[in-house]
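Listed here are the chains, written in short residue letters.
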Amino acid sequence: MYNWKTKLWIAAFLAPALAVFVLFYLVPIATVFITGFTKWNGFNSPEFIGFDNYIKLFTYNNTFAISLRNLFFWSLIAATVHVGFGTLVAFILFKRPWGWRIVRGTFMIPNVISVAAWAMIYKFIFNDDIGIINNFMRYIGFSDFHVKWFYEMPAAFFAVTFTWLFYAVIVMLIVLNDLMAIPKEIHEAALLDGANEWQVTWHINLPLVKKAIGTGIILSVTSRIAMFEEVALTTRGGPGNETYNIPLMLYNGIVNSEYGYANAAATIMILLGVGVMALVNRLFRMNERLY
Amino acid sequence: MLSRWIGKIFANAVMAFTVAISTFPILWVIMSSFKSNKEILGDPFSLPTSIDFAAYLDVLQNYHFVTYFLNSLLIAGTATLLALFIYALAGYVFGKYDFRLKSALYILFTVTLLVPGHAKAQPIFSLIMDLNLYDTKTALMLVYTSFGLALALFILRATFMTVPKDLDEAALIDGAGFWRIFWSVNLPLARSGLATAGILMFLSYWNEYFYALILTTGSTNRTLPVALAFFDEAFSYNYTRMFAALTLVVLPGIIIYLLVQEQVQKSVASTGIKG
Amino acid sequence: MKRFLKALLLLACSLVLVLAACSNNNGSSTSNTSNTNAGGSDSSSNTSSGSSSNSGGGDANQEVVLNIPHYKSGENVGAKFFLPQVERFNQKYAGQYKIVIEEIPQDDYMQKIKLLAQQNKLPALIEGGDKVFMEEVIIPNNMFYDLKPWLDSKPEIKNLMMEASIDYNTTEDGRIVSMPLIVQRPIGLYYNKEMFEAAGITKPISQMTFDEFDAALEALKQAGYTPLALMTGENAWTTMLLTTALLAKEPGAEEVLNSKDYVYDYTDPMWIRTFERLQKWFQNYTTDNAIGAVYADAANNFLSERTALIFNGTWMIGDFSDTSKTSEGFKDKVGTSIYPGGVAISSSQGYTWWIPSNLKQEEIDAALAFLEFMNSPEELEAYMLAEGGNVPKLDTSAEFEAQLDPILAELNSSLQNDLKITVQSLEQIWPPQIANPEFGKYLPLLADGTITPQKFAEELTNMAQQFRN
């Protein structure tokens, strides 16, 4: 199709990105998969031990089970409340009510701040002495309200959840964009046929943004799988090991120089992410053309 | 028409709620940073009795804040430029040419989006060590550049696809070579896509915490997010200073964002749709 | 122009590939210059951009700068003494040696050292190391500088060292890994004399049994004072000390606490009884904010007179007269003692200062000079005046006796009169993961009764065994 010179240029243009991909994705992921089956402390060479790391991860104590439990609930909450809220805001802003730009603008702010900073801010918000939550509760009459948010269960679980729960600006933007892309003719046709606003929203708009909602779910659930700062900088996985998650187990592995173990945890994270995407794709039949 | 009213009230309530939870935490931190420790412990809701910048000066002068700021700036900036260059090249080719393995490669590249960054922590750590780049800004620049792969490629491919083929052909007739067509014809027209990708990448690099934490040590190459963790111990229960530090770390990101708002909104939405 | 850009492009591509292909190479570091050892191995100290230059090729006329990351800096309680000491060293050796301290939070110190060790970039001076790290990584791989020849040449220092500590630090083949201990610093507790008087407690703490101490705590509470300053954050330091003291008087505990190896099992009844008492005291005798409190909070509680007691070591003494942390005259209210039952926490086991093996000669000289400086009689006396402790073999000067802090003197006499058992702290026999953060993370659950002391012991045992090799 092209002459050899052009082909060379194409190759040259692709080379840097390819190099990045190989160096920072292919090789690391392969390493992660392979060393998940070894015992390795970073100093000596890895030694093959089969599925021992995985067995240890799953069965050693209940930490992995708790991590999965937490992931399950957090994903559920993410897929429903988090994405739901983002979608809700998107539908509201779609009508361009007064001040919609302000809402869109400020909603983005939590996302442009480092997650670490955000986690730390919330640590102070939930602080018993100076934090707004407890002081507010005491103010409105619960004078004995001294919940130690990050140190009791189930408070700790919910406190961690709250740091990301309503901050759904990405979902909102994706859904909003899809909404705005719906051809006006469809709306006009429906209105002509006698449908009211509510019916248009529920029966036409919602199904048409299915793909966006699906994408939103994928993005938010994979964020839950990889969530690190929100837990590490607040509860450190506590109290006990109640708010543990998989990235924390990975981090423990690295800190204790058990790299094989850490990478087994990493492999699980990757598989979960891929699994979520496949599942959501299936459920939402996202590959179909809608109109 | 009651339902209309309810609908409107509900909508406004949701909007107000959204604005509140997005801004209140930060406003509270900023407000508290001007209060003395006593005032903070006394009543978290009260307004500061005086605007005292002493804590800010303290943090800026005595805690290498400027160093961390410049580190973050240098690392995020360089990584962004490098990434833009590399991914513009690839995006151009993906957008405008067909070749064997094109779809296979594209799928490979975009699947990387699914891989949680933290999962690669150990191999990347070893890689940086093997390259003898531990505790250098270069290490972070390289690692961050790689983070932008999927996102930048999305955006830039789409951008280049919008540059009309006719312009390419016209340039070809005029005798321009491959590089020339890219550099002089397409690139200038891809400005908005480049800006979008650049801004998104810059913001994410600026805020990155995990890799900055494991790839640097000591204060020479530390970035702002990591510095926060250190401030936490250093300032222990001197809340005023801690809040001042938080504000200083958080503010640059917000300011940059406010300046480039429009671009960011458009870009994030358009990426999602391709996903 | 076209050619040039083409070349630039190819260069960019190849740069990345070249970086990948080369291993073990002095990579393109933009901010750090790494020194290469004459022997060819990687360097250990990083130069910080700006201040002083590092001697490149062994030029003896240039100042040797050692960049040492350390946690005794910033607001850390150990910085009070350590930083001025470093300054004194720098002044004494101005133009010859200079030590620059890089701040690191205490919690992260060991982890950073481990990472640096992997990179072969250890700083010239390292303080401490947990057993596993030293005995499975540093010693077998010969990553330490043998101090024996140097110590043998400095009998005035070697003779001050405690035999048990020299023993501990000597490898099977006779090499000395880290500086054996000279100063013995027992850890005790501090109490607010005024509050104790008001509660009518007259018996010296070190002579009480734990039941009597329990009654004393109740008396304090009845008098309106919160007795204990406990914490669960970071390494739960004060709580850990309390738990050690509680455990020490159990039959069989002394041996366990003085074990040379890590202890991984806490399910024996003596542990459970200890945790039971700990749970009761946590629930009844401490502040509301103990859960989640870090060291600074616990210290603050005692210093601002919100609690009557704090379990802590002698380095805290400086804080008592620090008016930015406490009120004027607070120091006079502070009494000190070893623990009830005559228990003192002290240890001669453990690794202290050591030097990595891959330094250039002038860096080794500088590091050794600092070690020598730290252990000179004047500096030892300064250390003891500031942070307490005693050196059995050192004849202290008259000035020292005169300057000795009354609180330290009180501790010394408590030791002399009432000492019955000396044990190591739990932190020393616990695997590192347990000491920090696991113990602290499970404490809130124990404290609010969510788990029983039995369960607490089981969970910790589980966590301890997880990364056991």
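Bear in mind that the values here come from a model prediction, so they are computed numbers and not experimental data.

What counts and how
- Residues numbered from 1 in each chain as written.
- Chains lettered and ligands numbered in written order.
- Predicted model: local features only at pLDDT ≥ 70, side-chain atom pairs only at ≥ 80, totals over all residues.
- Helix = DSSP H or I, 4+ residues; strand = E, 2+ residues; numbered from the N terminus.
- Contact = placed C-beta atoms within 7 Å.
- Axes fitted to C-alpha atoms, helices over the stretch in contact; angles between N-to-C directions.
- Parallel < 35°, antiparallel > 145°, perpendicular 65-115°, else oblique.
- Left-handed = near helix turned anticlockwise from the far one by under 90°.
- Nonpolar A, V, L, I, M, F, W, Y, C, P; charged D, E, K, R; others polar.
- Expected span 1.5 Å × (residues − 1).
- Buried ≥ 20, exposed ≤ 12 C-beta atoms within 10 Å, placed from the backbone.
- Core = buried A, V, L, I, M, F, W, Y, C linked by C-beta atoms within 7 Å.
- pLDDT = per-residue confidence, 0-100.
- Pairing = 2+ DSSP bridges.
- Domains from an automatic or database assignment.
- Right-handed = clockwise from strand over helix to strand, strands pointing away.

## A look at the overall build of chain A
Alright, step 1. A tally of regular secondary structure across chain A gives 14 helices and two strands.
Alright, step 2. C-alpha atoms of chain A, sized along the principal axes, occupy 80 × 75 × 30 Å.
Alright, step 3. Here the analysis covers contacts within chain A between residues at least 6 apart in sequence; of these, 69% occur between residues at least 24 apart.

## Some details on the packing of helix α20 (residues 432–447) of chain C against helix α21 (residues 453–466) of chain C
Residues and elements named next belong to chain C.
Alright, step 1. Where α20 contacts α21, the two axes come as close as 10 Å, and the packing angle between them is 155°. What the angle tells us is that α20 and α21 run roughly antiparallel. Both α20 and α21 take part in a crossing whose hand is right-handed. Residue-level inspection shows Gln-433, Ile-434, Glu-438, Phe-439, Tyr-442 and Leu-446 of α20 in contact with α21, the latter providing Pro-453, Phe-456, Glu-459, Leu-460, Met-463 and Ala-464.
Alright, step 2. Grouping the constituent residues of the contact of α20 with α21 by class yields nine nonpolar, one polar and two charged.

## Notes on helix α4 (residues 100–112) of chain A
Alright, step 1. Look at α4 of chain A: 19 Å from first C-alpha to last across 13 residues, which is about the 18 Å you get at 1.5 Å a residue.
Alright, step 2. Within the sequence span of α4 of chain A, burial applies to Val-103, Arg-104, Phe-107, Met-108, Ile-109, Pro-110, Asn-111 and Val-112 of chain A.

## Regarding the nonpolar core
Alright, step 1. Core analysis: the biggest nonpolar cluster contains 265 residues, and Ala-265 of chain A together with Tyr-87, Leu-228 and Leu-246 of chain B have the highest contact counts within it.
Alright, step 2. Looking at which element gives the most residues to this core, the answer is helix α4 (residues 65–96) of chain B, with 16 residues.
Alright, step 3. Those residues in contact with Tyr-87 of chain B that lie beyond four places of it in its chain are Ala-17 of chain A together with Gly-148, Leu-149, Ala-152, Leu-153 and Leu-156 of chain B.
Alright, step 4. Counting 36 residues, the second-largest nonpolar core is a separate cluster that includes Phe-82, Ala-117, Leu-122 and Met-134 of chain C.

## Looking at the confidence of the model for chain C
Residues and elements named next belong to chain C.
Alright, step 1. Looking at chain C as a whole, its pLDDT mean stands at 80, while 87% of the residues score no less than 70.
Alright, step 2. Note that residues 1–59 has pLDDT below 50 and, in this model, 98 contacts with residues that lie over four places away or in other chains.
Alright, step 3. Interface confidence for the predicted complex, given as ipTM, is 0.82, next to a pTM of 0.75.

## Focus: the pairing of strand β4 (residues 188–192) of chain C
Residue and element names in this part refer to chain C.
Alright, step 1. A large share of β4 lies buried, amounting to five of its five residues.
Alright, step 2. Sheet analysis places β4 next to strand β6 (residues 307–312), joined by four bridges and oriented antiparallel. Looking at β6, one finds that Leu-189 is bridged to Phe-311.
Alright, step 3. By the bridge criterion, four bridges tie β4 to strand β7 (residues 334–337) in an arrangement that is antiparallel. Counterpart to Asn-192 in the pairing with β7 is Val-334.

## Some points on the interface of chain A and chain C
A common way to report how large an interface is uses the accessible area buried once the components associate.
Alright, step 1. Counting from both sides, the interface comprises 26 residues of chain A and, opposite them, 27 residues of chain C.
Alright, step 2. When residues of the side of chain A that touches chain C are assigned to their parent elements, the largest contribution, six residues, is made by helix α1 (residues 4–35) of chain A.

## Here we look at the domain arrangement of chain C
Residues and elements named next belong to chain C.
Alright, step 1. Here chain C is partitioned into domain 1 (64–184 + 350–399) and domain 2 (188–348 + 405–466).
Alright, step 2. For domain 1 versus domain 2, the distance between C-alpha centres works out to 28 Å.
Alright, step 3. With 19 residues of domain 1 in contact, the opposing surface of domain 2 contributes 17 residues.
Alright, step 4. At the level of elements, α7 (163–169) and α16 (377–387) are the ones that each hand at least two residues to the side of domain 1 that touches domain 2.
Alright, step 5. Taken together, the residues of the side of domain 1 that touches domain 2 break down into seven nonpolar, seven polar and five charged.

## Here's the deal with the interface of chain A and chain B
Alright, step 1. If you look at the interface, chain A gives 70 residues, while chain B gives 65 residues.
Alright, step 2. The greatest single-element share of the side of chain A that touches chain B, amounting to 16 residues, is contributed by α1 of chain A.
Alright, step 3. Here the side of chain A that touches chain B is built from residues that sort into 53 nonpolar, 13 polar and four charged.

## Here we look at the packing of helix α10 (residues 237–248) of chain C against helix α12 (residues 269–284) of chain C
When two helices pack together, their arrangement is captured by the angle between the axes and the distance separating the axes.
Residues and elements named next belong to chain C.
Alright, step 1. In the contact formed by α10 and α12, the axes pass within 9 Å of each other and the chain directions differ by 130°. The angle between α10 and α12 falls in the class oblique. Crossing hand, α10 versus α12: right-handed. Listed contacts from α12 to Leu-242, Thr-243, Leu-246 and Leu-247 of α10 are Met-270, Trp-271, Thr-274, Arg-277 and Leu-278.
Alright, step 2. For the contact of α10 with α12, a count of residues per class yields six nonpolar, two polar and one charged.

## Thoughts on the pairing of strand β2 (residues 97–103) of chain C
All names here are of chain C.
Alright, step 1. In β2, alternate side chains face the same way, and those of Tyr-97, Ile-99, Ile-101 and Glu-103 are buried while those of Lys-98, Val-100 and Glu-102 on the opposite face are not.
Alright, step 2. Bridge count between strand β1 (residues 64–70) and β2: seven bridges; the pairing is parallel. Looking across to β2, one finds that His-70 is bridged to Glu-103.
Alright, step 3. Read from β1 through helix α2 (residues 79–92) to β2, the crossover connection turns out right-handed.

## Description of unusual backbone geometry
Alright, step 1. For the bond running from Met-153 of chain A to Pro-154 of chain A, omega is -5°, close enough to zero to count as cis.
Alright, step 2. Following the sequence through the fold, Pro-154 of chain A ends up in the loop between α6 (132–139) and α7 (155–165).
Alright, step 3. Phi is positive for Leu-101 of chain B, which is not a glycine, with a value near 70°.
Alright, step 4. Of the residues examined, Leu-101 of chain B has 9 C-beta atoms within 10 Å and is grouped as exposed.
Alright, step 5. Unusually for a residue other than glycine, Asn-142 of chain C sits at a positive phi of about 55°.

## Side note on the environment of Phe-82 of chain C
Alright, step 1. With respect to the element layout, Phe-82 of chain C can be found in helix α2.
Alright, step 2. Each C-alpha atom of the pair Phe-82 of chain C and Asp-173 of chain C lies 33 Å from the other, and the pair is 91 residues apart in sequence.

## Regarding the environment of Pro-406 of chain C
Residues and elements named next belong to chain C.
Alright, step 1. Checked against the element boundaries, Pro-406 lands in helix α18 (residues 406–418).
Alright, step 2. A residue is classified by how many C-beta atoms lie within 10 Å of it, and Pro-406, with 13 of them, is partly exposed.
Alright, step 3. C-alpha separation for the pair Pro-406 and Thr-286, spaced 120 residues apart in sequence, amounts to 28 Å.

## A short note on the sheet that holds β7 of chain C
Residues and elements named next belong to chain C.
Alright, step 1. As summarised here, the arrangement of the four strands in space is β5-β6-β4-β7, forming an open sheet in which the pairing is mixed. In the strand order of this sheet, the two ends are held by β5 (226–228) and β7, each with one partner. The average angle at which neighbouring strand axes cross in this sheet is 15°, direction not considered.

## Here we look at the environment of Glu-87 of chain C
Residues and elements named next belong to chain C.
Alright, step 1. Structurally, Glu-87 can be placed in helix α2.
Alright, step 2. With 12 C-beta atoms packed within 10 Å, Glu-87 lands in the exposed category.
Alright, step 3. Taking the C-alpha atoms as reference, Glu-87 lies 23 Å from Pro-356; in sequence the two are 269 residues apart.

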